[in-house]
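One letter stands for each residue in the lines below.
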Amino acid sequence: MKTWFITGGTPGGFGSAYADAALERGDNVVLTARRPELLREWAVPHGDRVLVLPLDVTDTQRIEDAVTAAEARFGGIDVLVNNAGRGWYGSVEGMPDDAVRRTFELNFFAVVAVLRAVLPGMRARQSGWIVNMSSVAGLRGVTGFGYYSATKFALEGLTEVLREEVAPLGIRVLAVEPGAFRTRAYAGFADEPVAETVDAYRPLVESVRDFMITQDGNQPGDPVRAVRAVIEALDEEEPPRHLVLGGAGYDAVVERLDATLAGIRAREAVSRGVDFPASG
């Protein structure tokens, strides 16, 4: 029996899908959320196998408290799912500064804080799984979501290095890159005014917002199937380093990476030509 620690437990999202899948396997679950009262009814049938904790992942002290409570209840954390996050939209030039910083605090620095709180226990036990929920936007930038893409690119780089650092310690790391999934991720856009500070980009930003509103509830991805795919990957003898989820997301990532690789290879002579001449 394993213990899962999952951030971002909003009902209808990836967090709750992970929790349900872990419970189906017979594991214990610590599910955190900003509004834990929304999870009380869900938690009751599972009794002592579930611990719901209030957590704002941008508050380092509360992260420490939540991890301490989880370890006290279940003895340790075997699987960490860094799922909390949000996508704010806006132009690179005109997105308000406070929104830029809020995006990085939630999508990147909060992940760092959770990792630093959980890793000591995993190192002590010489085992553990870390699942970092990135995005297709972490492998190809999405127009209108420049800073969201930037946080996910940063998370991809962090995950790549973390994987190598903790592998000798018995800890494994997976980056998961979902495309558009039918969660509640787009649910709040209809109630939010466009906060774009540069008028030249307003038509673009408004079109992005309108698209998200139209897509809400119609995204092609099924979070339940996605989570099952992740868990199957964790169980593989040789697990993947990345798992792109969703057909459209897969196509977009492969197209972008193929084009990037082709462009780099086309300038191979230029790349190599700037080295000092070989001696001899």
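As a convention, each chain's residues are numbered from 1 in the sequence order in which they are written. Reporting in this predicted model follows two pLDDT cut-offs: at least 70 for local features of residues, and 80 or more for side-chain atom pairs to be given and counted; totals over whole chains, interfaces and linings ignore these cut-offs and use all residues. As a rule here, side-chain values cover all heavy atoms of the structure and leave hydrogens and water aside.

Peer 1: Just to check I follow, could you spell out the overall build of the protein chain for this structure?
Peer 2: Along the protein chain, the regular secondary structure elements total nine helices and seven strands. Both definitions apply: the radius of gyration is a C-alpha atom measure, and the globule rule equals 2.2 Å times residues to the power 0.38. The C-alpha atoms of the protein chain give a radius of gyration of 20 Å, which matches the 19 Å a tight globule of 280 residues would have. Seen through its principal axes, the protein chain has C-alpha atoms that stretch 65 × 60 × 35 Å. The cut-offs for exposure are 20% and 50% of the maximum accessible area for each residue type, with area from a 1.4 Å probe on protein chains only; residues under the lower value are buried, those over the upper are exposed, and the others partly exposed. Here the protein chain holds 280 residues, and the buried ones make up 45% of them. Here, residues are in contact when the closest pair of their heavy atoms is within 4.5 Å. Residue pairs in contact within the protein chain that sit at least 24 positions apart in sequence constitute 69% of those at least 6 positions apart. For the protein chain, the distance from the average position of its 29 positive side-chain charges to the average position of its 39 negative side-chain charges is 1 Å. Segments assigned H or I by DSSP are reported as helices when at least four residues long, segments assigned E as strands when at least two residues long, and all are numbered from the N terminus. In this count, Lys and Arg are taken as positive residues and Asp and Glu as negative ones, while His and the chain termini are left out. By convention, the charge on Lys lies at NZ, on Arg at CZ, on Asp at CG and on Glu at CD.

Peer 1: Is there a simple way to explain the packing of aromatic side chains in this structure?
Peer 2: Aromatic rings in a pair are described by how distant their centres are and how their planes are angled relative to each other. Planes of paired rings set the category: under 30 degrees apart is stacked, over 60 is edge-to-face and the rest tilted, where pairs are Phe, Tyr or Trp rings (Trp by its six-membered ring) whose centres lie within 6.5 Å. Evaluation of the coordinates by the stated rule reveals four aromatic pairs. Taking 6.4 Å as the distance between ring centres and 35° as the angle between the ring planes, the aromatic pair formed by Trp-4 and Tyr-18 counts as tilted. Of this pair, Trp-4 sits in strand S1 (residues 3-6) while Tyr-18 is found in helix H1 (residues 14-24), placing the two residues 14 residues apart along the sequence. An identical accessibility class is assigned to Trp-4 and Tyr-18; each is buried.

Peer 1: Help me understand the pattern of salt bridges, please; the structure alone is not making it clear to me.
Peer 2: Opposite charge on two side chains permits them to pair, given that their charged atoms come into close proximity. When a carboxyl oxygen of Asp or Glu lies within 4 Å of a side-chain nitrogen of Lys or Arg, that pair is called a salt bridge. Following the criterion strictly, the structure yields 14 salt bridges and no others. With a shortest N-O distance of 3.4 Å, Arg-35 and Glu-37 are connected by a salt bridge. When the shortest N-O distance is used, the salt bridge between Glu-206 and Arg-202 registers 3.7 Å. Here Arg-202 and Glu-206 lie together in helix H6 (residues 202-215), a separation of four residues that amounts to about one turn. Residue Glu-206 is classed as partly exposed on the basis of its relative accessible area of 34%. Within this structure, Glu-160, Arg-163, Glu-164 and Arg-241 form a network of salt bridges that share partners.

Peer 1: Could you clarify how one ought to interpret the packing of H1 against helix H7 (residues 223-234) in this entry?
Peer 2: Axes are the key here: two packed helices are described by the angle between their axes and the distance separating the axes. With axes taken as lines fitted to C-alpha atoms, and helix axes fitted only over the stretch in contact, angles between N-to-C directions fall between 0 and 180 degrees. Look at H1 against H7: their axes get within 9 Å of each other, and the N-to-C directions meet at 55°. In this view, H1 runs oblique relative to H7, as classed from their interaxial angle. At the point where H1 passes H7, the crossing takes the right-handed sense. Of the residues in H7, those touching H1 at Phe-14, Ala-17, Tyr-18 and Ala-21 are Pro-223, Ala-226, Val-227, Val-230 and Ile-231. Here the residues of the contact of H1 with H7 sort into nine nonpolar, no polar and no charged. The cut-offs work like this: below 35 degrees is roughly parallel, past 145 is roughly antiparallel, 65 to 115 is roughly perpendicular, and the gaps in between are oblique. Crossing handedness: left-handed means the near helix sits turned counterclockwise from the far one by under a right angle, and right-handed means the same turn made clockwise. Residues were grouped as follows: Ala, Val, Leu, Ile, Met, Phe, Trp, Tyr, Cys and Pro as nonpolar; Asp, Glu, Lys and Arg as charged; and all remaining residues, including Gly, as polar.

Peer 1: For this particular structure, what's the right way to read the sheet that holds strand S7 (residues 242-245)?
Peer 2: Strands belonging to one sheet form pairs held by backbone hydrogen bonds; the direction of such a pair is parallel or antiparallel. What makes two strands pair is DSSP finding at least two bridges between them. Taken together, seven strands build an open sheet; the order of strands is S3-S2-S1-S4-S5-S6-S7 and the sheet is parallel. The open sheet has two edge strands, strand S3 (50-54) and S7, and neither has a second partner. Taking each pair of neighbouring strands and ignoring which way they run, the sheet shows an average axis angle of 15°. Examined bridge by bridge, strand S5 (residues 128-133) and strand S6 (residues 171-178) share six bridges and lie parallel to one another. Within S6, the position partnered with Met-133 by the bridge is Val-176.

Peer 1: Would you mind showing me how to read the environment of Val-30 here?
Peer 2: Structurally, Val-30 is set in strand S2 (residues 28-33). Sequence-distant contacts of Val-30, defined by excluding residues within four places in its chain, comprise Thr-3, Trp-4, Phe-5, Ile-6, Leu-51, Leu-53, Ala-70 and Phe-74.

Peer 1: Mind showing me how you'd approach the pairing of S5 here?
Peer 2: Where a strand is regular, its side chains alternate between the two sheet faces. The buried fraction of S5 is high, at six of six residues. What you see with S5 is no split at all: Gly-128, Ile-130 and Asn-132 on one side and Trp-129, Val-131 and Met-133 on the other are buried throughout. Summarising the sheet, strand S4 (residues 79-82) and S5 pair through four bridges and their orientation is parallel. When the sheet's bridge partners are listed, Val-79 is paired in S5 with Trp-129. With strands facing away from the observer, any crossover in which the path from the first strand over the helix to the second runs clockwise is taken as right-handed. In this fold, S4 hands off to helix H4 (residues 97-125), which returns the chain to S5; that crossover is right-handed. Note on the crossover from S5 through helix H5 (residues 146-166) to S6: the handedness is right-handed.

Peer 1: I'm lost on the side chain of Glu-177 in this one. Help?
Peer 2: Within the element layout of this structure, Glu-177 appears in strand S6. Although Glu-177 lies buried, it forms no salt bridge, and the closest oppositely charged side chain, Arg-163, sits 6.8 Å away as judged by the N-O distance. Throughout this description, a polar contact denotes any pair of N or O atoms lying within 3.5 Å of each other; where both atoms belong to protein, one of them has to be capable of donating a hydrogen while the other can accept it, and for residues adjacent in sequence the pair is counted only when both atoms sit in side chains. Side-chain polar atoms of Glu-177 contact the side chain of His-242, separated by 2.8 Å. If sequence neighbours within four positions are ignored, Glu-177 has contacts with Ser-134, Ser-135, Val-136, Leu-139, Glu-156, His-242, Leu-243, Val-244 and Leu-245.

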